[in-house]
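Close look at the chain arrangement
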Amino acid sequence: MHPCLNIVEVQQAIFREVYFQQRGDLASLARTCRAFNSNSLDVLWATLDSFALLVKCLPRDLWRIDPEDKEMVFQRPMTLKDWQVFFKYSCRVHVVEQSVGPEYITGCSDLGDDVIFSLSNPPSYGPLIPCLRTLHWNKPTNEYASLLRMLFTSSLVTISLSTSDCTLDSPEVTILTSIGPACPSLKSFCISSGTPFSDFLDINGEMVLSEAVMCMHSLESLVCPALDEEAFIHLSRLSTLSELSMELKYDFKLDSLLTPPAFGSINTLTLNVSSLSILTSTLESMQFSPSQVSFTVVNSPSLDAIRLFFIALVNACCSERLSQVSFSIANDEQYSPPPQHLTLSTFQPLFALPHIDTFELNLPRGISLDDADITTLARHWPKLTQLSINEKTGWGTSPHLTHQGLITLLSHCADLMQFALSVDFSGVDVPTSELLDSRPGNGVKNDNCLRATFVTSAISHPATIAAFLSDICPQLTTVKASWDQDIFISEEDPDSGEAYLDRWEEVEILLPAFTAVRRQCLGWVQMKTKEEDVVSA
């Protein structure tokens, strides 16, 4: 064997390449060459798709999988030899992607109580996976709490607990308090539920979590349920924290102003609250400089509350840094929009933020914006790349924004890549036989727009609309219609929402053909122009 192949780094580089190409080949390599065995095993076991794979590396007479409930159970007690085999492989693991699943890989969907008990009581004190750096655990329940505790180690940098359909109650919830002392290098801690508000922790559990967070001093990213005020202030003092996503309890209140350098390194802030007044009062107590903010509220706010919130947001955030704003209501049930609509004056305070490139709004309020309003918005936010206004909740009225306003928006915001708006196309929605020779867009086009969603926008002639969109947005590939939450159809309109959705689907189908024809015609014109220039020369 060539001497260079004895270099550990060279071996590992080769083994990693083999691992990504064909994992089974690396396993064969580990078994056939003693010189390669140790380093190849290091690469092979560095990342585990499931913790259950570690159990399956134990002798086959130790465990079995129940064919009915797909639960892995032990058939006898673990011996010291079994533990030696376990640690032979576990000491090489750096990443665990899941606790038990996926079933098609592990063959099981759960660990039996005897398996959990045995692995939670090793013969010597210490973590089960001593070099673990990243842990993604999808069963943070009371049954698995003791096993999860044995995975906390000083080398851990990332912990992610997926809590979908899970709860962690007393007394097992106390394992959270051990995270800080056991994982002093922890940089990322995430408790995700898939929804803004979950029942993973009760009130006592949230108190325990707050205490646990107080012991974390190196956090760079935190996603979690509600914390108390003391834990929130602790986070504001962390110079490393750049991402924060959490809930604010109904009685959350800061007694003092958090001035710089509080949250001095925060880049992304996501807050979920029950009432907008809590969020507004919290922002009024803060001075920080995020680039992205996202807020979700349970209860529908009044127009005055929305204006006060926007003012508090502008005053709290550095206008030179904030570029992405998202504001939505968590309750997505169908509703009847109240008579009061959001107008340009509601958005006025946000125009003090000149660097906005992403703006998303989803509120159970009607939207009343016309061509002049959207022009004002575009002039204040020329860097927009994404604009979505009530894509999920609808505009609650027939649109006042016409195709001319859309053209103006695309003209002023040259970087706009996707938008969701309600547009009145009656000015261009005519039969193909009545199309004029002139271009409705007067040659205005946006070469960056790739996706458009039209909210409750009624059309009658899909071919005409596709022709219009292919002219003003030559790179547009995706056209969708949003009609689920807000079905605004006047009594005089004989068509249904489904009819409009079908027409918009036809627009998306026709769009590539129109775009290709326009590109072909443009090529012919350019070629003809070059020929005429050559002749005239």
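Read on for an overview of the structure. (Residues numbered from 1 in each chain as written. Predicted model: local features only at pLDDT ≥ 70, side-chain atom pairs only at ≥ 80, totals over all residues. Heavy atoms only, no water.)

Examining the overall build of the protein chain
Within the protein chain, the secondary structure is distributed over 18 helices and 20 strands. When contacts within the protein chain are restricted to residue pairs at least 6 apart in sequence, long-range pairs at least 24 apart make up 76% of them. (Helix = DSSP H or I, 4+ residues; strand = E, 2+ residues; numbered from the N terminus. Contact = heavy atoms within 4.5 Å.)

Focus: the sheet that holds strand 3 (residues 71-74)
The strand order across the open sheet built from three strands is 2-3-5, with neighbouring strands paired in mixed fashion. The open sheet has two free edges, formed respectively by strand 2 (63-65) and strand 5 (110-111), since each of these has just one partner strand. (Pairing = 2+ DSSP bridges.)

Observations regarding helix 5 (residues 80-90)
Those residues of helix 5 that sit buried are Asp82, Trp83, Phe86, Tyr89 and Ser90. Along helix 5, the residues classed as buried sweep out an arc of 130° about the axis, all on the same side. Exposed residues pointing more than 90 degrees away from the buried face of helix 5 are listed as Leu80, Lys81 and Gln84. (Buried < 20%, exposed > 50% of the residue type's maximum accessible area, 1.4 Å probe, protein only. Arc of directions from axis to C-beta.)

Quick look at the nonpolar core
Core analysis: the biggest nonpolar cluster contains 151 residues, and Phe51, Phe189 and Leu469 have the highest contact counts within it. The greatest single-element share of this core, amounting to eight residues, is contributed by helix 13 (residues 303-316). The contacts of leucine 469, once residues within four sequence positions are left out, are Phe454, Pro474, Leu476, Val479, Trp504, Val507 and Leu511. (Core = buried A, V, L, I, M, F, W, Y, C linked by side-chain atoms within 4.5 Å.)

A look at the pairing of strand 15 (residues 358-362)
Among the five residues of strand 15, four are classified as buried, and the element is accordingly described as predominantly covered. Note that strand 13 (residues 324-329) and strand 15 share five bridges and pair parallel. If you follow glutamine 324 over to strand 15, its bridge partner there is threonine 358. The pairing of strand 15 with strand 17 (residues 386-389) spans four bridges and is classified as parallel. Bridge assignment links leucine 361 to a residue of strand 17, and that residue is isoleucine 389.

Comments concerning the packing of helix 15 (residues 371-380) against helix 16 (residues 403-412)
Geometry of a packed helix pair, given as the angle between the helix axes and the separation of the axes. Between helix 15 and helix 16, whose axes approach to 9 Å, the crossing angle comes to 5°. In this view, helix 15 runs roughly parallel relative to helix 16, as classed from their interaxial angle. Counted together, Asp371, Ile374, Thr375, Ala378 and Arg379 of helix 15 and Gln404, Gly405, Thr408, Leu409 and His412 of helix 16 form the full contact between these two elements. Each residue belonging to the contact of helix 15 with helix 16 can be placed in one class, and the counts come to three nonpolar, five polar and two charged. (Axes fitted to C-alpha atoms, helices over the stretch in contact; angles between N-to-C directions. Parallel < 35°, antiparallel > 145°, perpendicular 65-115°, else oblique. Nonpolar A, V, L, I, M, F, W, Y, C, P; charged D, E, K, R; others polar.)

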